[in-house]
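Observations on the three-dimensional arrangement
Below are the chains, spelled out letter by letter.
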Amino acid sequence: MALMVERARRLGWILLKAVLRFSFMVINNLVAIPSYVLYLIVLQPVRLMDSRTFWHIEGVMFKWLLAMVSSWGWAAGYTVMEWGDDVRPISEEAAVVIANHQATGDVCTLMMCLQDKGTVVRKMMWLMDHVFKYTNFGLVSLIHGDFFIRQGKAHRDKQLFLLKDHLDKYYHSRDRKWIVLFPEGGFLRKRRETSQSFSKKYNLPFLKHVTLPRMGATEVILKSLGPQQENGSLAAGDATRSASKSRGLQWVIDITIAYTKAKPMDIQTWILAYRSPTVTHVHYRIYPIKDVPIETEPLTNWLYQRFVEKEELLAHFYETGAFPPPKGQKEAVSKEMTLDPVWLFLIQSLAFASGYMWYNILQYFYYVFF
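The following refers to the structure shown. Keep in mind the model is a prediction, meaning the values are calculated, not measured.

**Considering the overall build of the chain**
If you tally the helices and strands in the chain, you get 11 helices and 10 strands. On C-alpha atoms alone, the chain measures out to a radius of gyration of 22 Å, which is about the 21 Å that the 2.2 N^0.38 rule sets for 370 residues. The dimensions of the chain, computed from C-alpha atoms along their principal axes, are 70 × 65 × 45 Å. Here the chain holds 370 residues, and 51% of them are scored as buried. At a minimum sequence separation of 6, the contacts of the chain that also span at least 24 residues come to 77%. Summed over its atoms, the accessible surface of the chain is roughly 19200 Å², and 61% of this surface lies on carbon and sulfur atoms.

Here it is in structure tokens:
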């Protein structure tokens, strides 16, 4: 009887916490997102006179919005442990980020772990499934210049054409640096069986923890944004690092996301926090763009090899609880990514203050004109 009472009490607390968190996040969205949009409407004259300054301001607000989303998970005890290469030294340089995709929580995890990487978040461009366009954050992503891609053979050619056009129009004009995509083209649980059948049919690597990547978007990005080709690869150029802005992409950053006990986190968990506090592990590996082939077949082999490596990394992690050490080292070193609670409090306070301000401004104009 006592055990049943304890279980009922625990369930009641989980439900109450979920309701309170959901209510807060609804209010948070209702004040933050309209405020973001209204600020940008007011700043349209700045966009006409100095678009670079306008997109700088937009990027700062975009980073703040992503920090709010990060704070929802951080407050629930969902933290990130980082492994592998240090990406901070290249945070100001152009790069394409390829990550494995297990669940909607992958996006939230990246929003969190990139917050302390300089200007990365405010200058990044996301490629994500078109369904995200219809979420609460869809309008923000549309304004920021992210690209929503439709999956499936029927849409492939048109979507790749639209992607190239999108990159030509917005990547350089809005001073974007990192472009993030999930080459698998869907969640692991949805694509694993199809990927394994494809691997078996064409004698390709058999993968359990990731799926074989799709090439289209990656190839378009590298050809559209990469520097001049040399011998079938992308050339890094001979100019100094300070001139990297005009040289196109300089790096490929391979991110591998691993969840404790191989249990991916979805956006519902991130919002409602019905799972106990847990650590998500993120592994970075950096490749100079000059080492990346550009022709279709060599690029396919290169990208397949990256996902074979991801498979090995994840297999090792799920077996030992840690990623393997780099070659030549005996032990892998990890670092906990932390968020500044004071900074998060100030951002949330600014969001609610802005919401209150805009409510009063709109109410005033409503009474004046109606």
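**Section: empty space enclosed by the protein**
Counted according to the given criterion, the structure contains two cavities of 30 Å³ or more. Looking at the largest cavity, its volume works out to about 60 Å³. As for the largest cavity, its lining consists of Asn28, Asn29, Ala32, Ile33, Leu65, Met68, Val69, Trp72 and Phe137. Elements supplying a minimum of two residues to the lining of the largest cavity: α1 (2-42) and α3 (51-75). In this structure, the second largest cavity spans a volume of roughly 30 Å³. Lining the second largest cavity are Val96, Ile98, Thr218, Leu222, Val252, Trp302 and Leu303. When residues of the lining of the second largest cavity are traced back to their parent elements, those giving at least two are β2 (95-99), α8 (216-225) and α10 (296-320).

**A few points about the environment of Phe148**
Within the secondary structure, Phe148 sits in strand β4 (residues 147-149). The exposure class assigned to Phe148 is buried, which follows from its relative accessible area of 8%. Along the sequence, Phe148 and Thr119 sit 29 residues apart, while their C-alpha atoms lie 22 Å from each other. Here Phe148 is in contact with Met128, Asp129, His130, Phe132, Lys133, Gly138, Ser141, Leu142 and Gln159, once residues within four sequence places are set aside.

**Things to note about the layout of surface pockets**
Roughly 1000 Å³ of internal volume is contained in the largest pocket. Along its surface, the largest pocket is lined by 33 residues, and Gln151, Gly152, Gly185, Arg191 and Arg214 are the ones closest to its centre. Contributions of two or more residues to the lining of the largest pocket are made by β3 (125-129), α6 (156-170), α7 (188-202) and α8. When residues of the lining of the largest pocket are assigned to their parent elements, the largest contribution, five residues, is made by α7. Across the lining of the largest pocket, the residue classes break down as 17 nonpolar, nine polar and seven charged. Looking at the second largest pocket, its volume works out to about 470 Å³. Among the residues making up the lining of the second largest pocket, the classes are represented as 18 nonpolar, six polar and no charged.

Calculation notes
- Residues numbered from 1 in each chain as written.
- Predicted model: local features only at pLDDT ≥ 70, side-chain atom pairs only at ≥ 80, totals over all residues.
- Heavy atoms only, no water.
- Helix = DSSP H or I, 4+ residues; strand = E, 2+ residues; numbered from the N terminus.
- Rg over C-alpha atoms; globule rule 2.2 N^0.38 Å.
- Buried < 20%, exposed > 50% of the residue type's maximum accessible area, 1.4 Å probe, protein only.
- Contact = heavy atoms within 4.5 Å.
- Areas by Shrake-Rupley, 256 points an atom, 1.4 Å probe, with all protein chains shown as cover.
- 1 Å grid on protein atoms, 1.4 Å probe; cavity = no way out; pocket = protein on both sides within 12 Å on 5 of 7 lines; lining within 4 Å.
- Points joined across faces, edges and corners; volume = space filled by probe spheres on them.
- Nonpolar A, V, L, I, M, F, W, Y, C, P; charged D, E, K, R; others polar.

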